[in-house]
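One letter stands for each residue in the lines below.
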Amino acid sequence: MNSASAVKTKNTATDKRFKMLDATIKRYQYQQDALIEILHKAQELFGYLENDVLVYVAHSLKLPPSRVYGVATFYHLFSLAPSGVHTCVVCTGTACYVKGAQAILTNLEKSAHIHAGETSADGQISLLTARCLGACGIAPAVVFDGTVLGNQTPESVLDRIKGWLQDGSS
Ligand code: FES
């Protein structure tokens, strides 16, 4: 058992994205020198580098978490946490793209005035993209506040976003 297994929580055991991250870490043979490449992959998978993910990578590579945080905060291309109250991550991987991920994004930009990589002006919603959430069978997939939902449509995503916006203004 590698050290990554030791820190597996319920979330990391059931979230397929951690499996895909594991595969990448394995491909780099757990080399500490591959930290940046591995963080890249993690950001692709999760949309941003949340705390759990950084700790997971640190354990996997047997690096002190402070080192991983240091690297993640040093490079501008890494985003540590979305600043919005809610987070919506639209998968733009191949399977989701083919099933209409672009229409979901375009609709959000037009109707809710939120652009990928940005947080809404009222600070309610951060919209991010990821490349393959490991849920291709239910493409197009979108993660709403950490929950992966499949078979999304531009309308279903917009409805949920509007619900968040209404909650935030009430
Ligand atoms: S491409 Fe979207 S979940 Fe795999």
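The residue count restarts for each chain, going from 1 along the sequence in the order it is written. Selection of residues for local features in this predicted model requires a pLDDT of at least 70, selection of side-chain atom pairs for listing and counting requires 80 or more, and totals for whole chains, interfaces and linings are taken over all residues. The side-chain quantities take in all heavy atoms of the structure and omit both hydrogens and water.

## Some thoughts on the confidence of the model for the chain
Right, so step 1: Per-residue confidence from the predictor is given as pLDDT, running between 0 and 100. Residues with a pLDDT of 70 or more make up 92% of the chain, whose mean pLDDT is 88.
Right, so step 2: The weakest mean pLDDT in the chain belongs to helix H1 (residues 3–6) at 41; the strongest belongs to helix H7 (residues 94–98) at 97.
Right, so step 3: In what follows, residue pairs with any heavy atoms lying within 4.5 Å of each other are defined as contacts. Counting contacts from residues 1–10, a segment whose pLDDT is below 50, to residues more than four positions away or on other chains yields 13 contacts. Working definition: helices are DSSP H or I runs of at least four residues, strands are E runs of at least two. Numbering for both runs from the N terminus.

## Here's the deal with the domain arrangement of the chain
Right, so step 1: Per the annotation, domain bounds derive from an automatic or database assignment of domains. Examined at the domain level, the chain breaks down into domain 1 (2–74) and domain 2 (86–169).
Right, so step 2: Centre-to-centre, using C-alpha coordinates, domain 1 lies 24 Å away from domain 2.
Right, so step 3: Counting from both sides, the interface comprises eight residues of domain 1 and, opposite them, 12 residues of domain 2.
Right, so step 4: Salt bridges are identified by distance alone: a Lys or Arg side-chain nitrogen within 4 Å of an Asp or Glu carboxyl oxygen. Remark: the boundary between domain 1 and domain 2 carries one salt bridge.
Right, so step 5: Those elements giving two or more residues to the side of domain 1 that touches domain 2 turn out to be helix H3 (16–27) and helix H4 (35–46).
Right, so step 6: Following the grouping adopted for this structure description, the nonpolar residues are Ala, Val, Leu, Ile, Met, Phe, Trp, Tyr, Cys and Pro, the charged ones are Asp, Glu, Lys and Arg, and the polar ones are all others, Gly among them. Taken together, the residues of the side of domain 1 that touches domain 2 sort by class into four nonpolar, one polar and three charged.

## Brief notes about helix H8 (residues 101–112)
Right, so step 1: Multiplying 1.5 Å by the helix residue count minus one yields the expected span of that helix. Taking 1.5 Å of rise per residue, the 12 residues of H8 would be expected to cover 16 Å, and the 16 Å separating its terminal C-alpha atoms lies within 8% of that figure.
Right, so step 2: A positive backbone phi angle near 55° is found at His113, which sits one or two residues after H8.

## Thoughts on the nonpolar core
Right, so step 1: Throughout, nonpolar core names a set of buried Ala, Val, Leu, Ile, Met, Phe, Trp, Tyr and Cys residues whose side chains join them through atoms within 4.5 Å. Partly exposed residues are those whose accessible area sits between 20% and 50% of the maximum for their type, while under 20% is buried and over 50% is exposed, using a 1.4 Å probe and protein chains only. Formed by 27 residues in total, the largest nonpolar core has its most connected members in Cys88, Val90, Leu108, Leu127, Val142, Val157 and Ile161.
Right, so step 2: When residues of this core are traced back to their parent elements, those giving at least two are strand S1 (86–91), H8, strand S3 (125–130), strand S4 (142–144) and helix H9 (154–169).
Right, so step 3: Ranked by residues supplied to this core, first place goes to H8 with five residues.
Right, so step 4: Ile161 has contacts with Cys88, Leu108, Ala112, Ile114 and Ile125, leaving out every residue within four places of it along the chain.
Right, so step 5: Core analysis: the second largest hydrophobic core is formed by 22 residues, Leu39, Ala42, Phe46 and Ala58 among them.

## Some points on the side chain of Ser120
Right, so step 1: Tracing the backbone through its elements, the reader meets Ser120 in the loop between strand S2 (118–119) and S3.
Right, so step 2: Nitrogen and oxygen atoms within 3.5 Å of one another constitute a polar contact, given that in protein one can donate a hydrogen and the other can accept it, and given that sequence-neighbouring residues count only through two side-chain atoms. In this structure the side chain of Ser120 is engaged in a polar contact, spanning 3.3 Å, whose partner is the backbone nitrogen of Gln124.
Right, so step 3: Setting aside anything within four residues of it in sequence, one finds Ser120 in contact with Ile114 and Ile125.

## Points about the sheet that holds S3
Right, so step 1: Ordered by their spatial adjacency, five strands build an open sheet running S2-S3-S1-S4-S5, and the pairing between neighbours is mixed. Every interior strand has two partners, whereas the edge strands, S2 and strand S5 (147–149), have only one.
Right, so step 2: Direction of pairing for S4 relative to S5: antiparallel, over a ladder of three bridges. Bridging across to S5, Val142 finds its partner in Leu149. For two strands to be treated as a pair, DSSP must find no fewer than two bridges joining them.

## A short note on the pattern of salt bridges
Right, so step 1: Scanning the model with the defined rule gives three salt bridges in all.
Right, so step 2: We note a salt bridge from Asp15 to Arg17, for which the minimum N-O separation is 2.9 Å.
Right, so step 3: With a relative accessible area of 11%, Asp15 lands in the buried category.
Right, so step 4: By relative accessible area, Arg17 is classed as buried at 4%.
Right, so step 5: Residues Lys41 and Glu44 are paired through a salt bridge, measuring 3.7 Å at the closest nitrogen-oxygen approach. Placement of both Lys41 and Glu44 in helix H4 is noted, with a separation of three residues, approximately one turn of the helix.
Right, so step 6: Accessibility expressed as a relative area gives 24% for Lys41, which makes it partly exposed.
Right, so step 7: Overlapping salt bridges bring together Lys41, Glu44 and Arg131 as one network.

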